[in-house]
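Take a look at the letters that make up each chain.
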Amino acid sequence: MGAQTKKQIFMEIIRFLLVGGLATLVDYVTFWLFDALLFPRILPTQIRAWETVALIFSTAIGFCVGLTVNWILSVRFVFREVRNEEEAKSKKSFAVFALIGLLGLALTEIGVVTLVALLPDITFLGKTAFFGTAWKKWIAKAVMTGVVLVFNYLGRKVFIFKS
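A. Structural view of unusual backbone geometry. Although it is not a glycine, leucine 125 adopts a positive phi angle of roughly 55°. At phenylalanine 131, a position not held by glycine, the phi torsion is positive, near 55°. As for its position among the elements, phenylalanine 131 is in the loop between β1 (129-130) and β2 (133-134). Judged by relative accessible area, phenylalanine 131 falls into the exposed class, the value being 57%.

Okay, structure coming up:
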């Protein structure tokens, strides 16, 4: 397969953004389920250290579920123009995909924990939380989603889905 045309790259990026959006939605819902519903019931989250542990685990679990959705959809829908389709769908490629995802997770964890520590408590429309999760956690997660989105696309395009 030859080099991709500008139109093919554009469409690939559109598909990447759509799949990424869906995977991000799955990530956020999973994050919220653990952060707002599950961990407050099983961990003493009124203790600051446990709140940070719950944040780290909620972020990691959401990220991993989103990563799995992203892999399945990326292989099927996003990266259509690849040099070696069989290699791109191999276990080795999934391992590289997961490694890039884990690096993205590390960036996400560092960024979310840092931003949550730095941001003041936020009140929006008279509320300090959205669905039981503090606004600053949602903001930190959204900022890091944008950073990791670019990191993931470039890493996956260069190392797995070469055209």
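B. Just the pattern of salt bridges, in detail. This model, assessed by the stated rule, comprises four salt bridges. Close ionic contact of aspartate 27 with lysine 141 constitutes a salt bridge, the shortest N to O distance being 3.0 Å. On the criterion of sequence distance, the pair formed by aspartate 27 in helix α1 (residues 6-42) and lysine 141 in helix α5 (residues 135-159) is long-range, its members being 114 residues apart. You can call aspartate 27 buried: its relative accessible area is 8%. Take lysine 141: its relative accessible area is 2%, and that puts it in the buried class. A salt bridge links lysine 137 to aspartate 35; the nearest nitrogen and oxygen atoms lie 3.2 Å apart.

C. Spotlight on the packing of aromatic side chains. Inspection of the entire model under this criterion finds nine aromatic pairs. Ring centres of tyrosine 28 and tryptophan 138 lie 6.0 Å apart, and the angle between their planes is 35°; this geometry places the pair in the tilted category. Of this pair, tyrosine 28 sits in helix α1 while tryptophan 138 sits in helix α5, and the two are 110 residues apart along the sequence. Cation over ring: arginine 156 sits above phenylalanine 97, and NZ or CZ is 3.7 Å from the ring centre.

The rules behind these values
Position labels on residues start from 1 in each chain and follow its written sequence. It should be noted that, the model being predicted, local features are given only for residues of pLDDT at least 70 and side-chain atom pairs only at 80 or more, the latter also being counted only at that level, while totals for whole chains, interfaces and linings use all residues. To get the side-chain values, take all heavy atoms of the structure and skip hydrogens and water. Segments assigned H or I by DSSP are reported as helices when at least four residues long, segments assigned E as strands when at least two residues long, and all are numbered from the N terminus. Working definition: with a 1.4 Å probe on protein chains only, accessible area under 20% of the residue-type maximum means buried, over 50% means exposed, and in between means partly exposed. One speaks of a salt bridge when a side-chain nitrogen belonging to Lys or Arg is within 4 Å of a carboxyl oxygen belonging to Asp or Glu. Each Phe, Tyr or Trp ring (for Trp, its six-membered ring) is paired with any other whose centre lies within 6.5 Å, and the angle between the two planes then decides the class: stacked below 30 degrees, edge-to-face above 60, tilted in between. Only when the NZ of Lys or the CZ of Arg is both within 6 Å of the ring centre and within 35 degrees of the ring normal is a charge said to sit over the ring.

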